[in-house]
Amino acid sequence: RFWIQTQFISAELMDDQLWLLLESLERKIVSQQLNLVRTHITLGSFQGAADYFNYNISIEEQMLTIALVELSGVQLQEDGSAVPRDQPFEAMAALFVALYALNLLSG
């Protein structure tokens, strides 16, 4: 038999992130946020595209998304890059899972 060892991610979302996720859900932008996190920031690949927000969302919704991502330990730069702070993989993974679940349940 082959045993597969799995590593559980123990990171939890902060209260501020939960409030931002609730706001995102109400504004119906969870799928856009999920796409941003999935394509530009996940799995330690912190190379973003020059335009994070090529989706049809308002400036206020962009700021909400930036705050949500930055609370997970990734600083979005004006040049399109994303700079990790203090080993953000676990926090970003927790955010990705939350966005994925909300997107699945709200879709």
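Okay, so let's go over this structure. Bear in mind that the values here come from a model prediction, so they are computed numbers and not experimental data.

**Observations regarding the overall build of the protein chain**
Then comes step 1: Helix and strand counts for the protein chain stand at four helices and two strands.
Then comes step 2: The order of α-helices and β-strands along the protein chain, N terminus first, is α-α-α-β-β-α.
Then comes step 3: Counting only residues that meet the buried cut, the protein chain has 36% of its 107 residues in that class.
Then comes step 4: If you take every contact in the protein chain between residues at least 6 apart in sequence, the share linking residues at least 24 apart comes to 67%.

**Notes on the packing of aromatic side chains**
Then comes step 1: Tallied over the full model, the rule gives one aromatic pair.
Then comes step 2: On the numbers, 6.2 Å between centres and 25° between planes, the contact of Phe-96 with Tyr-100 is stacked. Linking Phe-96 with Tyr-100, this pair stays in helix H4 (residues 89–106), spanning four residues, or about one helical turn.

**Some thoughts on the pattern of salt bridges**
Then comes step 1: With the rule as written, the count across this model stands at three salt bridges.
Then comes step 2: With a closest N to O distance of 2.0 Å, Arg-27 and Glu-60 form a salt bridge. Within this pair, whereas Arg-27 is found in helix H1 (residues 15–27), its partner Glu-60 is found in helix H3 (residues 59–70), the two being separated by 33 residues in sequence.
Then comes step 3: The partner of Arg-27 in a salt bridge is Glu-61, with the nearest N and O atoms 3.8 Å apart. With Arg-27 in helix H1 and Glu-61 in helix H3, this pair connects stretches of sequence that are 34 residues apart.
Then comes step 4: By relative accessible area, Arg-27 is classed as partly exposed at 26%.
Then comes step 5: The buried category is assigned to Glu-61, whose relative accessible area is 12%.
Then comes step 6: Within this structure, Glu-23, Arg-27, Glu-60 and Glu-61 form a network of salt bridges that share partners.

**Things to note about the side chain of Thr-65**
Then comes step 1: Position of Thr-65 relative to the elements: it lies in helix H3.
Then comes step 2: Polar side-chain contacts of Thr-65 include one of 2.9 Å to the backbone oxygen of Glu-61.

Calculation rules
Residues numbered from 1 in each chain as written. Predicted model: local features only at pLDDT ≥ 70, side-chain atom pairs only at ≥ 80, totals over all residues. Heavy atoms only, no water. Helix = DSSP H or I, 4+ residues; strand = E, 2+ residues; numbered from the N terminus. Buried < 20%, exposed > 50% of the residue type's maximum accessible area, 1.4 Å probe, protein only. Contact = heavy atoms within 4.5 Å. Phe/Tyr/Trp six-rings, centres within 6.5 Å; stacked < 30°, edge-to-face > 60°. Salt bridge = Lys/Arg side-chain N within 4 Å of Asp/Glu carboxyl O. Polar contact = N/O pair within 3.5 Å; in protein donor to acceptor, adjacent residues only side chain to side chain.

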